[in-house]
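# Architecture and fold: a report
Next come the chains, spelled out residue by residue.
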Amino acid sequence: MACDNITTKSTMHFLQVPGHATPYTNSDVIPLPPSRRTWSKKVFVFFWFATAINIAEWSGASASLALGLTVQQAIIVNLTSTIIITAALVISGYGGGQWHVPFAVINRAPWGLRGSWFPLLNRVLLSCCWYGVQGWFGGQMTKVMIGAIWPSFYDMPNTFGPDAAMETNDLVAFVIFWLACLPLLLLKPESYRIPAIISAVLVLIAALAVFLWAFVKQGNGGPLFSNPEAVYGIGNLQGSQLAWVMVRCINSGIGGWAGGILYQSDFSRYAVHPGDQVYGQIFSIPLCLLGSNILGIVTTSCARGFYPNEPLLWKLYDLLQAIQRNEAPAARAAVFFAAFAFFLSQLSVTVVACGVVGGMDLAALCPRYIDIRRGSLIIAIIGICINPWKIMNTANSFISAISGYAVFLGPLTGIMFADYYLLRHRRIKLSHLFLPQIGSDYWFWHGLNWRAPITWVLGVWASLPGFCASVTPASVIVSDTWVHVYYLSWPLSVCISALVWMILNTISPAPGIGEVDDDDVFGTFEELQKPKDSKEEKEGPDHLSDSPTYITSLEHA
């Protein structure tokens, strides 16, 4: 028995992440030192170009047009949602840029050190799902690249049955893309500067090239502009019906970014100077979201004009395959390079916006045994287990569920915004965010702030009937009023939760509001001084080891 205990302890010690890891801290979770904050204004601008110009954004208007909106109305909807998304991203990212901590740690202030596990689990769930979905998109681009070099790849014998929801060449391409992501998951986020710049430049050139080629070949905007009713078989919407469809599409556009709004601090913490992240958010995000939307509409419309026998080619990989089928053999080179550029974009989205983000959350959930690298690999493995080919190629309610998950993320956003800006006025005590003791301002009741779950439930409940009806329309039928409330779910839940949060904290104030540390506890705001010949200097700084004794002693908590 004693031998088994010794073996177990040795194994657990071996599995611990390097450095001074505790149940609430490791080097990836605590505030970053200046040496790891390497993202300048330019890097943030290119980062958003690399991740926001992607397959999903390219086809973003397809749902709006399918619901009966005209092209002009769809563009207005996208512009409105883009403005709201941009404002929310700026608001969300400021805390990370100021205090250099991730979303997981900032949310310890309103939720408590243990209560913050709830928003983290919500985010981890989404990261796993979207890693699989975005990875599938990347696999489809990989398929186009291989097919452009070896056209026989499209005719590879299929060894799967009709219920598999994919063919053998789909699986081969998906596995290749999945494997290509793995080395990037091993990089620290501060190392993504050069890959982001390269990816951004190439995907921008490719997107513009595909758009210009399609527009010149068609000679006009195509049938979606001239006669959209004939394409979709839907008449013009009028009055309140038109208004609610536009509101629904605006909310849907915001909902697609609800998770991204929450995780802004995960990347703004890497800013060289507080506020550097704002330049990328204000400049790149509107340009990429609105630009991708317009390019996607025009290109798809033109393709319908010169490929009338093809279905609507909203997905860019479908368009590239159609080009190879219908154009001269010389087009294969252009198809390959366009697919390669969007392959890089999908790498950026899958690895950074899904894998690394989920890895940070897992690192905060179990920092003694999981760092960003290990967490990202876990997300990648689970991303396969969700069978993304089933999700994307079968008629089920799963996509509706994860697309409408903003119902549950909106209240988390409202709590975070209200707590950081309205209640604490952007002042938090960093050292107490890692202190699991009664003396911590953020320990509350056994690590849970009772105000947070109450606020979250009150923020969610109004949208639940409409959400259930949207996911399972055959079995859940509700009145138009509840459906319309659901169409307002994200902004409504943010406002309700923010209001409830302020009311509860006015009735029963939380401790430590507006307080900050007297000292730079983690060496976050100036480099720690080390002897030049020290072992730490040679192996890379572990600034957690220089934190106060009461922090490093938490190894044994």
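Residues numbered from 1 in each chain as written. Predicted model: local features only at pLDDT ≥ 70, side-chain atom pairs only at ≥ 80, totals over all residues. Heavy atoms only, no water.

Side chains of Trp450, Ile454, Leu458, Trp461 and Trp482 sit close together on the surface and give an oily, nonpolar patch of about 490 Å² of accessible area. By secondary structure assignment, the location of isoleucine 454 is in helix α23 (residues 451-460). Judged by relative accessible area, which is 38%, isoleucine 454 ranks as partly exposed. (Patch = residues over 30% accessible without salt bridge, like charges linked within 9 Å, V, L, I, M, F, W, Y side chains within 5 Å. Areas by Shrake-Rupley, 256 points an atom, 1.4 Å probe, with all protein chains shown as cover. Salt bridge = Lys/Arg side-chain N within 4 Å of Asp/Glu carboxyl O. Helix = DSSP H or I, 4+ residues; strand = E, 2+ residues; numbered from the N terminus. Buried < 20%, exposed > 50% of the residue type's maximum accessible area, 1.4 Å probe, protein only.)

What you tend to see is this: most non-glycine residues have negative phi, and most peptide bonds are trans. At histidine 425, a position not held by glycine, the phi torsion is positive, near 55°. Inspection of the secondary structure puts histidine 425 in the loop between α22 (406-423) and α23. What makes histidine 425 exposed here is its relative accessible area of 56%. A positive phi angle, close to 55°, is found at histidine 446, a residue other than glycine.

Counting across every chain of the model gives twelve salt bridges. Note that lysine 429 and glutamate 515 form a salt bridge whose closest N and O atoms lie 3.0 Å from each other. Linking lysine 429 in the loop between α22 and α23 with glutamate 515 in the loop between α26 (489-507) and α27 (535-539), this pair joins segments that are 86 residues apart in sequence. Given the relative accessible area of 36%, glutamate 515 is considered partly exposed. The network of salt bridges with common partners includes Asp28, Arg36, Lys188 and Glu190.

Okay, the environment of arginine 248 next. Here arginine 248 is to be found in helix α13 (residues 239-256). It is 7.1 Å that separates the C-alpha atoms of arginine 248 and leucine 488, two residues lying 240 residues apart in sequence. Beyond its immediate chain neighbours, meaning those up to four positions away, arginine 248 contacts Leu67 and Tyr487. (Contact = heavy atoms within 4.5 Å.)

Detail in the predicted coordinates should be disregarded across regions flagged by low pLDDT. When pLDDT is averaged along the chain, the result is 87, and 89% of the positions lie at 70 or above. Throughout residues 528-541 the model reports pLDDT below 50, and contacts reaching past four residues in sequence, or to other chains, amount to 13 contacts. (pLDDT = per-residue confidence, 0-100.)

Moving on to the packing of aromatic side chains. Applying the stated criterion across every chain, the model contains 32 aromatic pairs. Where phenylalanine 306 meets tyrosine 307, the ring centres are 4.6 Å apart and the plane angle is 85°; that geometry is what we call edge-to-face. Seen from their ring centres, tryptophan 461 and tryptophan 482 are 6.2 Å apart, and the 70° between their planes marks the pair as edge-to-face. Within this pair, whereas tryptophan 461 is found in the loop between α23 and α24 (464-471), its partner tryptophan 482 is found in helix α25 (residues 480-487), the two being separated by 21 residues in sequence. (Phe/Tyr/Trp six-rings, centres within 6.5 Å; stacked < 30°, edge-to-face > 60°.)

Further remarks concern helix α10 (residues 193-218). For α10, spanning 26 residues, the distance from its first C-alpha to its last is 38 Å, which sits close to the expected 38 Å at 1.5 Å a residue. Restricting attention to buried positions, one finds in α10 the residues Ala196, Ser199, Ala200, Val203, Ala206, Ala207, Val210, Phe211 and Ala214. Tucked inside the fold, the buried residues of α10 contact α2 (41-52), α3 (55-58), α16 (276-306), α17 (316-326) and α18 (331-365). Glycine 219, located one to two residues past α10, shows a positive phi value of around 90°. (Expected span 1.5 Å × (residues − 1).)

Before going further, it helps to examine the nonpolar core. In summary, soluble globular proteins display a tendency toward joint burial of nonpolar side chains. Counting residues in each nonpolar core, the largest one holds 141 residues, and the members touching the most others are Met141 and Phe342. Counting residues per element, this core draws most heavily on α18, which supplies 20 residues. Every residue in contact with methionine 141, bar those within four places of it in the chain, is listed here: Ile55, Leu316, Tyr317, Leu320, Ala339, Phe342 and Phe343. Among the nonpolar cores identified, the runner-up in size contains eight residues, and Leu65, Leu224, Val231 and Trp314 belong to it. (Core = buried A, V, L, I, M, F, W, Y, C linked by side-chain atoms within 4.5 Å.)

Below, the discussion takes up the side chain of serine 265. By the secondary structure assignment, serine 265 is in helix α15 (residues 264-268). Serine 265 gets classed as buried once you look at its relative accessible area, which sits at 2%.

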